[in-house]
Amino acid sequence: MLEPGSQVQNAIYLAGGGQWPVSPEDWETRARETLEQGPFDYVAGGAGSESTVRANREAFERRRLRPRMLVGTAERDLSVEVLGLRSPVPFLLAPVGVLSIVNEEKELGVARASKATGVPMILSSAASTALEDVAAELGDAQRWFQLYWWSDRELAGSLVDRAAAAGYGAIVVTLDTLTLGWRERDLGNGYLPFLRGEGLAQFFSDPLFRSRLDVPPEDDVQTASLMALAAFPNLALTWVDLDWLRARTDLPILVKGVLRGDDARLALEHGVDGIVVSNHGGRQVDGSIASLDALAEVRDEVGPEATVLMDGGIRRGADILKALALGADAVLLGRLYAYGLAVGGAAGVEAVIRQLAAELDLTMALAGVRSVRDLDRSLVA
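Summary of the structure given here. Because the structure is a prediction, the values reported are computed rather than measured.

Conventions adopted
- Residues numbered from 1 in each chain as written.
- Predicted model: local features only at pLDDT ≥ 70, side-chain atom pairs only at ≥ 80, totals over all residues.
- Heavy atoms only, no water.
- Helix = DSSP H or I, 4+ residues; strand = E, 2+ residues; numbered from the N terminus.
- Rg over C-alpha atoms; globule rule 2.2 N^0.38 Å.
- Buried < 20%, exposed > 50% of the residue type's maximum accessible area, 1.4 Å probe, protein only.
- Contact = heavy atoms within 4.5 Å.
- Areas by Shrake-Rupley, 256 points an atom, 1.4 Å probe, with all protein chains shown as cover.
- Lys, Arg positive; Asp, Glu negative; His and termini not counted.
- Charge placed at Lys NZ, Arg CZ, Asp CG, Glu CD.
- Expected span 1.5 Å × (residues − 1).
- Polar contact = N/O pair within 3.5 Å; in protein donor to acceptor, adjacent residues only side chain to side chain.
- Right-handed = clockwise from strand over helix to strand, strands pointing away.
- Pairing = 2+ DSSP bridges.
- Salt bridge = Lys/Arg side-chain N within 4 Å of Asp/Glu carboxyl O.
- Phe/Tyr/Trp six-rings, centres within 6.5 Å; stacked < 30°, edge-to-face > 60°.
- Lys NZ or Arg CZ within 6 Å of the ring centre and 35° of its normal.

### Observations regarding the overall build of the protein chain
Consideration 1: On a plain count of helices and strands, the protein chain comes out with 16 helices and ten strands.
Consideration 2: The C-alpha radius of gyration computed for the protein chain amounts to 20 Å, which stays within 12% of the reference 21 Å derived for 381 residues, consistent with globular compactness.
Consideration 3: Taking the principal axes of its C-alpha atoms as reference, the protein chain extends roughly 70 × 50 × 40 Å.
Consideration 4: For the protein chain, the proportion of its 381 residues judged to be buried stands at 56%.
Consideration 5: Here the contacts in the protein chain between residues at least 6 apart in sequence split such that 75% fall between residues at least 24 apart.
Consideration 6: Summing over all exposed atoms, the protein chain offers an accessible surface of approximately 15,600 Å²; the carbon and sulfur share of this is 51%.
Consideration 7: Across the protein chain, the 37 positively charged side chains and the 53 negatively charged ones have centroids separated by 5 Å.

Following this line, the structure appears as C-alpha cells:
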C-alpha cells in the first residue's frame, strides 16, 4: 500500500511539485497558518521553556549516519512486527489526543489514513471520538489503545474492557502524564480544550461514567467535563498497580514514558510486554533527557529480546534509522501527522505517511541498509 521512495519522488518531479508541503518544517508552517493560536500552540508546545522539545531534535542532530557502500540494496524490507502488530514501515501513529481542535475529521481522519496505508494507529484515551467509532472506521486494520490511567480504577477498567471488546490489540499505558505539566503556551493563551468537552469522548461514551451523571454529557457539557477532569490526576499510581492491570486484561501491555533503564526493568518485572521510551514530546518535564539519549540505556538494561519502541522528535527518515540502530524495534510518529491532519484531514495524514515512508526507503537504500532488521549501532556515529 506504500510506494517505493523513488516512485513517490518521481511523481512529485513529474508533476512540477505537489499539492502538499514536503519538509516537516513546511507542514508545521502550513498547520500554523491553518489553525488558530490556541489549538496550534496546544499541539506544538511543550513544558516550561520547551528545552526538552529542543533536546529531542538536538539528540538526532548530534548523531550521524555512517553509510555502507556497494552492499546491494535494490530490494529493501521496511516492514516490522511488534507484539503481533504488523506495519509496512517501522513507525506507528502515536496516540495524539484532542484532535477535534485540529480538524473536523478528528481521529476518524487518522483512522482513514491508517487503513489506506497499512500503518497502524494508537488511539488516545484523550481522543475526541469514541474508541468504538474509531474501531468501526478501521474495520480489520490493526490498532492499539493508549490508556491514561485515571484515579478512578473502575473507570480505567471499563475503558480497558471496551478497548478489548472493540478489537484493539494492546494497551499502551502512559506513565509520564499522571497530571498535566507546566505548559506556558497554553497558560498564556488561557487554553485548555478539556474544559469545553474536547478530548473527553471516552468519558462521555462510557456507560459507567454516564451512569454517575444526573444528566447526559450532551445536555450539560460543563458539569460532565469537570467530573472527567476530576478523575484525571493520579499521582498516587505505583508499580504495584500494574499488577492489577495485568490481571485485568489478557492483551499485551506496553508502558510509555520510560527514560531510565531501572524503570524499564521494573516494568518488565511487573508483567509488562513492551517499553516505549518517551518524554511525551517534551510536554511534561522541562529539562528532561531526550528520548533518543535514553534509548541505548533502556535497551542495554532489558536486553535484545525485549520489545522497545521510542518516540520524541521523529521527523525524518534518517531519524527513524538512527533510532532503530540504537535499539528501537519501531518508533512512533506524533506531531507531524497532526500537522498533516490540520492541513488536509485524512488526505493530509496519508500524505505525511507516504512522504516519510518514501524518504526512509531512499535513505535506507543510500545508507546500504537492505532491511530494518539488519540495523545496529555501527550505522551511527
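### Things to note about helix α7 (residues 153-165)
Consideration 1: Between its terminal C-alpha atoms α7 stretches 18 Å, which fits the 18 Å expected from 13 residues at 1.5 Å a residue.
Consideration 2: Among all positions of α7, only L155, A156, G157, S158, L159, V160, R162 and A163 are buried.
Consideration 3: Capping the start of α7, D152 holds a side-chain oxygen 3.0 Å from the backbone nitrogen of E154, two or three residues further along.
Consideration 4: Where α7 ends, the next residue or the one after it, G167, has phi of about 90 degrees, a positive value.

### Observations concerning the pairing of strand β8 (residues 274-277)
Consideration 1: Burial along β8 is two-sided: the face carrying G274 and V276 and the face carrying I275 and V277 are both buried.
Consideration 2: Each parallel crossover has a hand, and for strand β7 (residues 253-258) linked through helix α13 (residues 261-269) to β8 it is right-handed.
Consideration 3: Pairing between β8 and strand β9 (residues 307-310): four bridges, direction parallel. Bridged to I275 within β9 is V308.
Consideration 4: Handedness of the β-α-β unit built from β8, helix α14 (residues 291-302) and β9 comes out right-handed.

### Points about the pattern of salt bridges
Consideration 1: For the coordinates displayed, the defined rule picks out 29 salt bridges.
Consideration 2: E28 is the salt-bridge partner of R315, the closest N and O atoms lying 3.4 Å from each other. Pair noted here: R315 is in the loop between β9 and α15 (317-325) and E28 is in helix α2 (residues 24-34), with a separation of 287 residues, a long-range link.
Consideration 3: With a shortest N-O distance of 3.1 Å, D206 and R162 are connected by a salt bridge. Highlighted residues: D206 in the loop between α9 (201-204) and α10 (207-211) and R162 in helix α7, separated in sequence by 44 residues. Per residue, the accessibility class of D206 equals that of R162, and both read buried.
Consideration 4: Each of R57, E61, R64 and D319 takes part in a single network of salt bridges with overlapping partners.

### Digging into the packing of aromatic side chains
Consideration 1: If you walk through the whole model with that rule in mind, you get ten aromatic pairs.
Consideration 2: On the numbers, 5.9 Å between centres and 20 degrees between planes, the contact of W20 with W27 is stacked.
Consideration 3: W20 gets classed as partly exposed once you look at its relative accessible area, which sits at 21%.
Consideration 4: Residue classification places W27 among the buried residues on the basis of a relative accessible area of 1%.
Consideration 5: Residues Y42 and Y191 carry aromatic rings whose centres are separated by 6.4 Å and whose planes lie at 70 degrees to one another, so their mutual orientation is edge-to-face. One end of the pair, Y42, is in helix α3 (residues 37-44); the other, Y191, is in the loop between α8 (184-189) and α9, and 149 residues separate them in sequence. When sorted by exposure, Y42 lands in the same class as Y191, which is buried.
Consideration 6: The structure contains a cluster of three or more aromatic residues connected by ring pairs, namely W150, F203, F204 and F209.
Consideration 7: When the ring centre of Y168 is taken as origin, the NZ or CZ atom of R143, which lies over that ring, is 5.3 Å away.

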